[in-house]
Amino acid sequence: MVRYQLLIEYVGTNFRGWQIQKKGSTIQGLIQEKLSKLLKEKIILNGSGRTDTGVHAIEQSAHFDCKNKIIDLKKFLKSINYFLNNKGIAITKIKKRSNQFHSRFSAKGRKYKYCILNRRTASPLLRNKSWRIPNHLDLKLMENASKYLIGKHDFTAFRSIDCQAKSPIKTIDNITINNEGELIEIYVEAKSFLMNQVRIIAGTLVDIGLLKKTNKDIQSALDNKDRKFSGPTAPSFALILQKIIY
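Now for a quick tour of the structure. (Residues numbered from 1 in each chain as written. Predicted model: local features only at pLDDT ≥ 70, side-chain atom pairs only at ≥ 80, totals over all residues. Heavy atoms only, no water.)

**A few points about the packing of helix H3 (residues 139-146) against helix H4 (residues 197-209)**
The condition is simple: Axis lines are fitted through C-alpha atoms, for helices just across the contact stretch, and the angle between N-to-C directions can take any value from 0 to 180 degrees. Helix and strand assignments come from DSSP, with helices taken as H or I runs of at least 4 residues and strands as E runs of at least 2, each series counted from the N terminus. By the definition adopted for this analysis, an angle is roughly parallel if under 35 degrees, roughly antiparallel if over 145, roughly perpendicular if from 65 to 115, and oblique otherwise. By convention the crossing between two helices is left-handed if the near helix lies anticlockwise of the far one by an angle smaller than a right angle, and right-handed if it lies clockwise. A contact between two residues is defined here by any heavy atoms of the two lying within 4.5 Å. Three categories are distinguished: nonpolar for Ala, Val, Leu, Ile, Met, Phe, Trp, Tyr, Cys and Pro, charged for Asp, Glu, Lys and Arg, and polar for the others, with Gly belonging to the last.
At a closest axis distance of 8 Å, the pairing of H3 and H4 adopts a crossing angle of 135°. One way to sum up the angle between H3 and H4 is to call them oblique. The hand of the H3/H4 crossing is right-handed. For the pair H3 and H4, the contacting residues are Leu141, Met142, Ala145 and Ser146 in the first and Leu205, Val206, Ile208 and Gly209 in the second. Residues of the contact of H3 with H4, tallied by class, amount to 6 nonpolar, 2 polar and no charged.

Set out below in structure tokens:
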């Protein structure tokens, strides 16, 4: 068997997330189907992790095994994208990998970006790609509050009730907040995340910026493991999986 890694870009708006489900179209399911048809064998695609319904990706990573070596990778890339591009998916790179490589378990880190449009009027160009907050956000307060979340913590108050992770303890390596005028981008880096963790972090920081919460609320959320102290789960459509680090 020969193993290949794919780097994948997609718009998640019309999909029920990355992972194959019984009902609804998923990114993993569609790519796996097209790979199987193109290679004329059953292909199982393994992703680096799940993204929720509506979440986008600039560089998702996945791998698959096939019986025969792909002779012309450039031609194969062109062929597979012919079937995917009109669905909002693009395979940007394909690489031959050793059998020791695993898209999920070999990953050393993951980087997400959350986009916020801080203005009163909506943007047709950023529709389904940013969360519009009409009231002024205090970026300095948000940046200061984000420091409380960096490091190893029990993030029980920052995960979905449907999260199936065995442990709520995660380590956030870095959080940075950039802004270009009215567009605010929150970058969060960690080895792995809990379900909805980045979206709840974004929602909490927005509440801080709107003066609805303070740093004490973040500390209380971490100390008491109580969801009432953290902010809302921010909309999925403004979240982008930026990069998988190996």
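**Quick word on helix H2 (residues 73-84)**
Heads up, the rule is: The span one expects for a helix is its residue count, reduced by one, times 1.5 Å. When a residue's accessible area, from a 1.4 Å probe over protein chains only, is under 20% of the maximum for its type it is buried; when over 50% it is exposed; and in between it is partly exposed. Directions pointing from the helix axis toward each C-beta atom define the arc. A 3.5 Å cut-off defines polar contacts: any pair of N or O atoms within that distance qualifies, except that in protein one atom must be a possible hydrogen donor and the other a possible acceptor, and neighbouring residues in sequence count only when both atoms are side-chain atoms.
With 12 residues, H2 should cover 16 Å at 1.5 Å per step; its first-to-last C-alpha distance of 16 Å lies within 8% of that length. What H2 keeps buried is the set Phe76, Leu77, Ile80, Asn81 and Leu84. Projection of H2 onto a plane perpendicular to its axis shows the buried side chains occupying an angular sector of 125°, all on one side. Opposite its buried face, H2 presents the exposed residues Lys74, Lys75, Lys78 and Tyr82, each directed more than 90 degrees away. Contact partners of the buried residues in H2: helix H1 (27-39) and strand S4 (89-97). The N-cap of H2, judged by a side-chain oxygen 3.2 Å from the amide nitrogen of lysine 74 a few residues on, is aspartate 72.

**What about unusual backbone geometry?**
Keep in mind that most residues, glycine aside, have a negative phi and that most peptide bonds are trans. The residue lysine 40 is not glycine, and still its phi comes out positive at about 60°. Mapped onto the secondary structure, lysine 40 falls in the loop between H1 and strand S2 (46-47). On the basis of relative accessibility, which here comes to 73%, the residue lysine 40 falls in the exposed class. Here the phi dihedral of asparagine 196 falls at roughly 70°; this positive angle occurs in a residue that is not glycine. With respect to the helices and strands, the residue asparagine 196 is situated in the loop between strand S9 (183-190) and H4. With a relative accessible area of 15%, asparagine 196 lands in the buried category.

**Overview of the packing of aromatic side chains**
Definition in use: Under the pairing criterion, centres of Phe, Tyr and Trp rings, with the six-membered ring standing for Trp, must be within 6.5 Å; the plane angle then separates stacked pairs below 30 degrees from edge-to-face pairs above 60, leaving the rest tilted. Counted as over-ring charges are cases with an Arg CZ or a Lys NZ within 6 Å of the ring centre that also lie within 35 degrees of the ring normal.
Across all of its chains, the model carries 7 aromatic pairs by this definition. Ring centres 6.2 Å apart and planes at 90° place the aromatic pair tyrosine 114 and tryptophan 131 in the edge-to-face group. Of this pair, tyrosine 114 sits in strand S5 (residues 109-117) while tryptophan 131 is found in strand S6 (residues 131-132), placing the two residues 17 residues apart along the sequence. Across the pair, exposure class does not vary: tyrosine 114 and tryptophan 131 are buried alike. Above the plane of the ring of phenylalanine 101 lies arginine 97, whose end atom (NZ or CZ) is 4.3 Å from the centre.

**Details of H1**
Across its 13 residues, H1 extends 18 Å between first and last C-alpha, which sits within 8% of the 18 Å expected from 1.5 Å per residue. The complete set of buried residues in H1 reads Ile27, Gln28, Leu30, Ile31, Gln32, Lys34, Leu35 and Ser36. Those residues of H1 hidden inside the fold are in contact with strand S1 (2-10), strand S3 (56-66), H2 and S4. Of the residues that open H1, the one with a side-chain oxygen 3.1 Å from the backbone nitrogen of glycine 29 is threonine 26. Positive phi shows up at lysine 40, right after H1, with a value of about 60°.

**Considerations on the packing of H1 against H2**
Between H1 and H2, the least distance of the axes is 10 Å, while the angle of their chain directions is 130°. By the angle between their axes, H1 is oblique relative to H2. With respect to the hand of their crossing, H1 and H2 are arranged in right-handed fashion. Counted together, Leu30, Ile31, Lys34, Leu35, Leu38 and Leu39 of H1 and Phe76, Ser79, Ile80, Phe83 and Leu84 of H2 form the full contact between these two elements. Per-class residue counts for the contact of H1 with H2 are 9 nonpolar, 1 polar and 1 charged.

**Observations regarding the layout of surface pockets**
If a probe the size of a water molecule is rolled over the atoms, the empty space left behind becomes visible. Selection criterion: As defined here, a cavity is a set of points on a 1 Å grid over the protein atoms alone where a 1.4 Å probe fits but cannot get out. A pocket is an open set with protein on both sides within 12 Å along at least five of seven lines, and residues line them when an atom is within 4 Å of a point. Grid points are joined across faces, edges and corners, and a volume is the space filled by probe spheres set on the points.
By volume, the largest pocket amounts to about 1,300 Å³. Considering the residues around the largest pocket, the lining is formed by 38 residues, among which Gly49, Arg50, Arg104, Phe193 and Met195 are closest to the centre. For the lining of the largest pocket, the element with the most residues is H4, which contributes 3 residues. Per-class residue counts for the lining of the largest pocket are 13 nonpolar, 15 polar and 10 charged. By volume, the second largest pocket amounts to about 200 Å³. Val11, His56, Ile58, Lys129 and Ile240 are the residues nearest the centre of the second largest pocket, which is lined by 15 residues in total. If you list the elements that add at least two residues to the lining of the second largest pocket, you get S1, S3, S5 and S9. Ranked by residue count, the leading element in the lining of the second largest pocket is S3, at 3 residues. Of the residues assigned to the lining of the second largest pocket, the class counts are 9 nonpolar, 2 polar and 4 charged.

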